[in-house]
Amino acid sequence: MNPAIGYLDGRRLRRSLLAAAAWVVAGRDELNRINVYPVPDGDTGTNFSHTVRSIADALHRLGDAPLPEVTRTAAEASVRGARGNSGMMLSHFLVGFHEGIGQRVRVRSHELAAAIRRGFERLQEALEKPVEGTILSVAREAAKGAEQAASEHADLVPMMRRTLAQADEALQRTPEQLPVLKAAGVVDAGGKGFVRMLEGVVRLIEKGMRATEVPAPAGDTPAPAALTAVSAEQDFRFCTEALVRGDRLPSSAEARAALSGLGGSLLALRTADLLRIHIHTDDADAVFRIAETWGEVVTRKADDMREQHRLLTTASKRVAIVCDSACDLPDAVLDRYGINIVPLQVLFGDEVFLDRVELQPTEFYRRLRGDGPPPTTSQPSPAQFAAAFEHARADADGVVAVLLSSALSGTYANAEAARRGFAAGGVHLVDSRSASFGIGLLALRGAELADAGWDAAAIATELVRVRGQSGMFLTVDTLEYLLRSGRVSRVQSWLGGLLDMKPILSLDREGKVIAAARVRGQAALLQRVYRLLDRAMPAAHGRLRLGVAHADAPELAERVRRALADRYHPLEVLVAPATGVLAAHVGPGAWGVFYQVEDGTPEGNLSTSGRL
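Just so you know, the residues in each chain are numbered from 1, in the order the chain's sequence is written. Two thresholds apply to this predicted model, a pLDDT of at least 70 for residue-level local features and 80 or more for giving and counting side-chain atom pairs, whereas whole-chain, interface and lining totals are computed over all residues. Side-chain metrics rest on all non-hydrogen atoms present in the structure, leaving aside hydrogens and water.

A few words on the sheet that holds strand β7 (residues 319-324). Think of it this way: DSSP has to see at least two bridges between two strands before they count as a pair. Helix numbers and strand numbers start at the N terminus; a helix is a DSSP run of H or I with at least 4 residues, a strand a run of E with at least 2. Strand order in the open sheet made by the four strands is β8-β7-β12-β13, with parallel pairing throughout. Unpaired on one side and paired on the other, β8 (340-342) and β13 (427-431) mark the two borders of the sheet. Each neighbouring strand pair of the sheet contributes to a mean axis angle of 25°, computed without reference to strand direction. Bridge analysis of β7 against β8 gives three bridges, and the strand direction is parallel. Its bridge partner being in β8, C323 is matched across the sheet by I341. Contacts between helix α17 (residues 382-393) and the sheet are confined to β7, β8, β12 (398-403) and β13, with β12 contributing the most and set at about 140° to the helix. Here helix α19 (residues 437-451) sits on the sheet in contact with β7 and β12, set at roughly 175° to β7. Between N-to-C directions, angles span 0 to 180 degrees; the directions come from axes that are lines fitted to C-alpha atoms, helices contributing only their stretch in contact. Whether two residues are in contact is decided by their heavy atoms, any of which lying within 4.5 Å being enough.

Shown next as structure tokens:
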């Protein structure tokens, strides 16, 4: 028999939210499988999981804290990390829940029920066109169940059981409210994600057990999401999202009004200095142009839902590619190839941010040029890698992780520790012996080989071979950050005597920073980089890929891109701002050229499956 729980405080809520997030992630694949509304693009589980992972990461960093701090942290993390329609709806609920808790450090059953009610009301107020049979219906019944139980019990245990039971009953009714669900024989995926959060809390109370992966039903039958046609009124191309920062942001209602003519499934959520928008549209650029008039667009995303739906009917991916956030691949490339990112951490004094999740390059450079403490960095923990491997392994037969040079960071060592303890197996690690696009271009090649049918072991072997035909030349605008970082101790004395010379740095075969050349003045840099590239690159009997990473120098990077394209005619030249993990050590104004020669298909490296 479970002991009575008379109140909820910060410690208990934090544990409950972590359990809820774990149980959602454990059921991610099933949520994707049944995702037929509003668009059958099969990503509700992925989006909902991404949102709750953002919450869990923030709560892990927070540690034990008073109740108002826990609710605020969860709400803010949900806004920053919200993905998809379901993630946005959860964010609205959590913001309302935070409002309902207020400044109380302990709440009893009736106060908790009132906070759940406020969460539902905040969600309902946010919807331009409320639709029954979704999270909205489930959250309403959850609030009713909580209120009814609170009127009968002071104990939170029966209250949470009643809240879950009533929410689940509402979920089972969703097919009667939405014909598309009934036709597919499924319940609403977003609503099920909400119920799984409540299940995670009740499981914690009753069993204290950790979540385990719940596989989707076996067999060759396509998922309901793959078999469901897109309805005409929902047939927009892009699931478009943006996070806008500013001190003169419009209200949520004003943002919805400004965007309402551009598409459907519109949601907007305004906090003190952030505005998160979500819309299904055919013109993502128009959404971003409007968002730019409101403030700084910190993140933007436009997923092609028609392509996502098409891919649901194809065979599942045999190999998933993972890399860390130092890869500098643009979001569009990551999304196109389904490359999973494990974020490093960037620290400004006591503030800790997940790189590219909670801190985008634009915000990083704003802080870097400010008067605050200088940034430092930290690698992901083995537990973060283990979670990423589990997430990726659920979608594929094998995983290839391409990671920051082991000579520059403990990232690879922590990934290796996670791999050794990963019971499911099938994880192959590749030390890029590089950084930035040196990681990213290898990961991109790995994703192409995965799409071509190579198995994980063959991909890892090929990437090690290609790594030997890859390299980097990097120059910095100031020596201050390199000297402070301590990662270039072997060349510090050399750098110190340069006076007004510009250093060009490279990496040796072990992935350690070395001095490649020195040039007087900015104008001569590119010509010297040309000569270094000519000498370093093997004859390009095949495909040449280039990447240009820059530390807040976009115009310079674009000039370098055009010059490289004209001179070498590569397959492509990717350009991106260096993420905070790299820029913290090279400083603003730095830029680098990364090359990768992919010279055909070596005999014996094809997958033994016979697929090409």
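On we go from here.
With that settled, consider the sheet that holds strand β3 (residues 238-245). Within the open sheet, the four strands sit side by side as β4-β5-β3-β6. Their pairing is antiparallel. Two strands bound the open sheet, and with one partner strand each, they are β4 (263-270) and β6 (296-304). Put simply, the sheet's adjacent strands are angled 10° from each other on average, direction ignored. Across eight bridges, the pairing between β3 and β6 is antiparallel. Counterpart to L243 in the pairing with β6 is T299. Relative to strand β5 (residues 274-281), helix α4 (residues 67-81) is tilted by about 40°, and along the sheet it contacts β3, β4 and β5.

In this section: the nonpolar core. As used in this record, nonpolar core signifies buried Ala, Val, Leu, Ile, Met, Phe, Trp, Tyr and Cys residues forming a set joined through side-chain atoms within 4.5 Å. Think of it in three bands: with a 1.4 Å probe and only protein chains considered, a residue is buried below 20% of the maximum accessible area for its type, exposed above 50%, and partly exposed in between. By size, the foremost hydrophobic cluster in this structure holds 71 residues, and its most contacted members are V52, L112, I116, M159 and F194. By residue number, the principal contributor to this core is helix α7 (residues 135-152), which donates nine residues. Counting 60 residues, the second largest nonpolar core, distinct from the first, contains V333, I459, V466 and Y481.

Moving on, we come to the side chain of D188. The residue D188 is located in the loop between α9 (179-184) and α10 (189-206) in this model. It is K192 that comes nearest to the buried, bridge-free D188 among opposite-charge side chains, at 11 Å. Polar contact is the term for a pair of N or O atoms within 3.5 Å; when the atoms are in protein, one must be able to donate a hydrogen and the other to accept it, and sequence-neighboring residues count only if both atoms are side-chain atoms. In terms of polar contacts, D188 uses its side chain to reach the backbone amide nitrogen of G191, at 2.7 Å. When neighbours within four sequence positions are excluded, D188 is seen to be in contact with Y37, G133, T134, I135, L171, T174 and L181. Charge counting treats Lys and Arg as positive and Asp and Glu as negative, with His and both chain ends excluded. By definition, a salt bridge exists where a carboxyl oxygen of Asp or Glu is found within 4 Å of a side-chain nitrogen of Lys or Arg.

Bringing the packing of aromatic side chains into the picture now. Centres within 6.5 Å are what make two rings of Phe, Tyr or Trp a pair, Trp counting through its six-membered ring; a difference in plane orientation under 30 degrees is then read as stacked, over 60 as edge-to-face, and the rest as tilted. Tallied over the full model, the rule gives eight aromatic pairs. Ring centres 5.3 Å apart and planes at 80° place the aromatic pair F364 and Y365 in the edge-to-face group. On the basis of relative accessible area, F364 is assigned to the buried category, the value being 1%. Take Y365: its relative accessible area is 4%, and that puts it in the buried class. With a centroid separation of 6.3 Å and an interplanar angle of 65°, the aromatic rings of F437 and F594 are classed as edge-to-face. Here F437 is found in helix α19, whereas its partner F594 is found in strand β19 (residues 591-598), with 157 residues between them in sequence. With a relative accessible area of 0%, F437 lands in the buried category. Of the aromatic side chains, those joined through ring pairs into one cluster are F348, F364 and Y365. Between the NZ or CZ atom of R106 and the centre of the ring of Y7, over which it lies, the distance is 3.8 Å. Here the guanidinium or amino end of R203 rests over the ring plane of W23, the centre of that ring lying 3.7 Å away. Geometrically, a charge over a ring is one whose NZ (Lys) or CZ (Arg) sits within 6 Å of the ring centre while staying within 35 degrees of the ring normal.

Under the defined criterion, the tally for this structure stands at 38 salt bridges. Note that E448 and R445 form a salt bridge whose closest N and O atoms lie 3.2 Å from each other. Here the residue E448 and the residue R445 both occupy positions in helix α19, the gap between them amounting to three residues, near one helical turn. What emerges from the salt-bridge pattern is a single network uniting R245, D273, E351, E363, R366 and R367.

Close contact between helix α8 (residues 156-177) and α10 brings their axes to 10 Å; oriented N to C, the two are set at 155°. In terms of orientation, α8 lies roughly antiparallel with respect to α10. As α8 packs across α10, the resulting crossing turns out to be left-handed. Judged by residue contacts, V157, M160, R161, T163, L164, A167, D168 and L171 of α8 engage G191, K192, V195, L198, E199, V201, V202, I205 and E206 from α10. The nonpolar class holds Ala, Val, Leu, Ile, Met, Phe, Trp, Tyr, Cys and Pro. Asp, Glu, Lys and Arg form the charged class, and all remaining residues, Gly among them, are polar. By residue class, the composition of the contact of α8 with α10 is ten nonpolar, two polar and five charged. Should an angle lie under 35 degrees it is considered roughly parallel, over 145 roughly antiparallel, and from 65 to 115 roughly perpendicular; all remaining angles are considered oblique. Crossing handedness: left-handed means the near helix sits turned counterclockwise from the far one by under a right angle, and right-handed means the same turn made clockwise.

Moving on, we come to the pairing of β7. Of all six residues that make up β7, six are buried, and the element is covered over most of its length. On β7, burial covers both faces: V319, I321 and C323 on one face and A320, V322 and D324 on the other are all buried. With five bridges connecting them, β7 and β12 associate as parallel partners. Looking at the pairing, C323 lines up with V402 of β12. By convention, a crossover is right-handed whenever its connection, traced from the first strand over the helix to the second and viewed with the strands pointing away, goes clockwise. Running through helix α15 (residues 331-337), the crossover from β7 to the neighbouring parallel element β8 is right-handed.

Attention now goes to unusual backbone geometry. With phi around 60°, D552 is a residue other than glycine that occupies positive phi space. Turning to its location among the elements, D552 is positioned in the loop between β17 (543-550) and α24 (554-568). Judged by relative accessible area, D552 falls into the partly exposed class, the value being 33%. Despite not being glycine, H569 shows a phi value in the positive range, around 50°. Assignment of secondary structure puts H569 in the loop between α24 and β18 (572-577). By relative accessible area, H569 is classed as exposed at 64%.

In this fold, D57 is placed in helix α3 (residues 44-62). Here the alpha-carbon distance between D57 and F353, two residues 296 residues apart in the chain, equals 9.8 Å.

This part covers the packing of helix α1 (residues 10-26) against α4. In the contact formed by α1 and α4, the axes pass within 7 Å of each other and the chain directions differ by 30°. Considering their axes alone, α1 and α4 lie roughly parallel with respect to each other. Pair α1 / α4 crosses with right-handed handedness. Mapping the contact onto sequence places G10, L13, R14 and L17 in α1 and L67, V70, T71 and A74 in α4. Considering only residue class, the contact of α1 with α4 consists of five nonpolar, two polar and one charged.

The analysis is restricted to geometry; functional conclusions fall outside its scope.
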